[in-house]
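Spelled out, the chains give:
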Amino acid sequence: LLSLRALYTDPTTYRDDYRTILAYVRATAGPSDALLVNAPGQIDTVDYYGAGHVAVYPLPQQRPLDRQATEDALQALIAAHPRIYGIFWGTDESDPERVIEGWLDQHCFKTMDSWFGNVRLVVYAVPLQPTDEIAEQRSEQFGEQVRLIGYTLLTPAPSSGDILQLALYWEALEAGERRLKVFVHLVDARGNIVAQRDSEPAGGSRPTSDWTTGERIADYYGLWIQPGTPPGLHILRIGWYDPATVQRLTLSQAGRELGDALDMATIAVQRAPIAPPLAALDRQHVDDLCWPGTCLVGHNLHRLGFEHEAELQLRPGDQARLVLFWQEQCDGAAPAACVVALERRRGEPIWQQMLERPANADPCQAGDIQRTVHALALPADSAAGEYRLTLRLPAEAPGAARLLQTLRLQ
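Reference entry: report on the structure contained in this document. Just so we're clear, the structure is a prediction, and the values are computed from it rather than from any experiment.

## Examining the sheet that holds strand S22 (residues 369–377)
(1) Moving on: The strand order across the open sheet formed by 4 strands is S17-S18-S19-S22, and the pairing between neighbours is antiparallel. Bordering the open sheet on either side are strand S17 (285–291) and S22, each of which pairs with just one other strand. Strand-to-strand twist across the sheet, computed as the mean angle between neighbouring axes with direction ignored, equals 25°.
(2) Moving on: Looking at chain direction, strand S19 (residues 319–328) and S22 are connected through 9 bridges and run antiparallel. Bridge assignment links Phe-325 to a residue of S22, and that residue is Arg-371.

Following this line, the structure appears as structure tokens:
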């Protein structure tokens, strides 16, 4: 009994989470997308959990890997499918030279790269059109090392759930000494980051430490606009930073400093033609809290800038990022705002913040999803300890608040 309890409740005993990977693929993949698996042992596991309608391609087809045959197979793969999901496991044995992933990094837009136990799920968007030519010429400099010479935006009006495709073109001003990262953000009208991709250039295959003076680098980014992102105008923002210090590089043009990020374009995000399934949402916590017109079906809570942390670590005065997932019911007027509060365990509120919520689409469509992002400024004078994070409507009394989760301030 003790060992079974550990097996089912202790995350350190869990097997690699193919169940979640395949559920996510089935929920988000389009009718023409493909799934690549890089190890023969994965085929039975994928068949067991099921890839649904998604075509499955095992690569490499032999060991040791035949480079030319593998690259030909990859070329045929991207010619037939607009999006590639890759499940990578045991790459040191199946592809020690990283031929498959390196080729995809050079020819596609890497959108997602996440670990599920010892298995990685990587998502690539195939370019909608050739990206060899620069559509918009630029001349901005980042630090002393990099100049942006232009970009091509292949998806100027993406829908919620789509992948925004962006090609950046860099010039090395000096030989690389540090390994730097690029950030690409999509920012809403309130300044919240609704989509983000941080990576070394070319999906990690062209680190700046290997650059030579005068070299030009094509750098592709796929920015996944998460299902449920409300439609509207957003800013596409890019920049560079040193991952060792998290210090951003200074942006300048003609010797004039312009901050630490470049606002490149305004993006009009469109409403998705159909509501996404709940399995497609990146929910950390599942909720079932309903009010007239809408239900909260999930939420995420992270320390701002540390979304990769496995465990929530918050301190008094920290900035937090709260993501709320709403599902429209269309049985009343949905609230335009809600109140999030921090309470002591006995229910006494010590802090609260009003959160605006996008209005229902007109006309309302039952089942439609809205993914709203909010920045929380936790009180600096609160004591360390356990608290309740609650949510209520502005017209409701504090005692009517619903529990989102308990958390500990350190």
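Still to come is the rest of the account.
## Let's talk about the packing of aromatic side chains
Where two aromatic rings form a pair, the distance of their centres and the angle of their planes describe that pair.
(1) Moving on: Evaluation of the coordinates by the stated rule reveals 8 aromatic pairs.
(2) Moving on: Geometrically, the ring pair formed by Tyr-48 and Tyr-49 is edge-to-face, given 4.9 Å between the ring centres and 85° between the ring planes.
(3) Moving on: On the accessibility criterion, Tyr-48 (64% relative accessible area) is exposed.
(4) Moving on: Joined through ring pairs, the aromatic side chains of Phe-142, Trp-170, Trp-211 and Trp-240 make up one cluster.

## Here's the deal with the environment of Arg-321
(1) Moving on: In this structure, Arg-321 sits in strand S19.
(2) Moving on: In the structure, Arg-321 is positioned 129 residues away from Asn-192 in sequence and 9.0 Å away in space, judged by C-alpha atoms.
(3) Moving on: In this view, Arg-321 contacts Ile-193, Val-194, Asn-300, Leu-301, His-302, Leu-304, Glu-307, Val-373 and His-374; residues no more than four positions away in its chain are not counted.

## A word on the state of the cysteines
Simply put, disulfide is the name for a covalent bond between the sulfur atoms of two cysteines.
(1) Moving on: In total, this model carries 1 disulfide according to the counting rule given.
(2) Moving on: There is a disulfide in this structure between Cys-290 and Cys-295, and the S-S distance comes to 2.0 Å. Torsion about the S-S bond of the Cys-290 and Cys-295 cystine: about 105°, corresponding to right-handed handedness.
(3) Moving on: You can call Cys-290 partly exposed: its relative accessible area is 36%.
(4) Moving on: Looking at the unpaired Cys-338, the closest cysteine sulfur is the one in Cys-295, lying at 14 Å.

## Thoughts on the pattern of salt bridges
(1) Moving on: Counted by the stated rule, this structure contains 25 salt bridges.
(2) Moving on: Here Glu-97 makes a salt bridge to Arg-67, at a shortest N to O gap of 3.1 Å. Note that Glu-97 is positioned in the loop between helix H5 (91–94) and helix H6 (99–107) and Arg-67 in helix H4 (residues 67–80), a separation of 30 residues in sequence.
(3) Moving on: Residue classification places Arg-67 among the partly exposed positions, given a relative accessible area of 41%.
(4) Moving on: Asp-242 is the partner of Arg-178 in a salt bridge, and the nearest nitrogen-oxygen pair spans 3.3 Å.

## Topic: the packing of H4 against H6
(1) Moving on: The geometry of H4 relative to H6 is characterised by a closest axis approach of 10 Å and an angle of 45° between their N-to-C directions. In terms of axis orientation, H4 runs oblique to H6. Helix-helix and strand crossings are classified by hand; for H4 and H6 the assignment is right-handed. Across the interface between the two elements, Arg-67, Thr-70, Glu-71, Leu-74, Gln-75 and Ile-78 from H4 touch Val-99, Ile-100, Trp-103 and Leu-104 from H6.
(2) Moving on: Residue composition of the contact of H4 with H6, by class: 6 nonpolar, 2 polar and 2 charged.

## Points about unusual backbone geometry
(1) Moving on: The residue after Leu-59, namely Pro-60, is reached through a cis peptide bond having omega 0°.
(2) Moving on: The residue after Arg-63, namely Pro-64, is reached through a cis peptide bond having omega 0°.
(3) Moving on: Mapped onto the elements of the fold, Pro-64 is located in the loop between strand S2 (55–58) and H4.
(4) Moving on: A positive phi angle, near 60°, is found at Arg-98, a position not held by glycine.
(5) Moving on: Note on placement: Arg-98 falls in the loop between H5 and H6.
(6) Moving on: Arg-98 sits in the partly exposed class, given a relative accessible area of 33%.

The rules we used
Residues numbered from 1 in each chain as written. Predicted model: local features only at pLDDT ≥ 70, side-chain atom pairs only at ≥ 80, totals over all residues. Heavy atoms only, no water. Pairing = 2+ DSSP bridges. Helix = DSSP H or I, 4+ residues; strand = E, 2+ residues; numbered from the N terminus. Axes fitted to C-alpha atoms, helices over the stretch in contact; angles between N-to-C directions. Phe/Tyr/Trp six-rings, centres within 6.5 Å; stacked < 30°, edge-to-face > 60°. Buried < 20%, exposed > 50% of the residue type's maximum accessible area, 1.4 Å probe, protein only. Contact = heavy atoms within 4.5 Å. Disulfide = S-S within 2.5 Å. Salt bridge = Lys/Arg side-chain N within 4 Å of Asp/Glu carboxyl O. Parallel < 35°, antiparallel > 145°, perpendicular 65-115°, else oblique. Left-handed = near helix turned anticlockwise from the far one by under 90°. Nonpolar A, V, L, I, M, F, W, Y, C, P; charged D, E, K, R; others polar.

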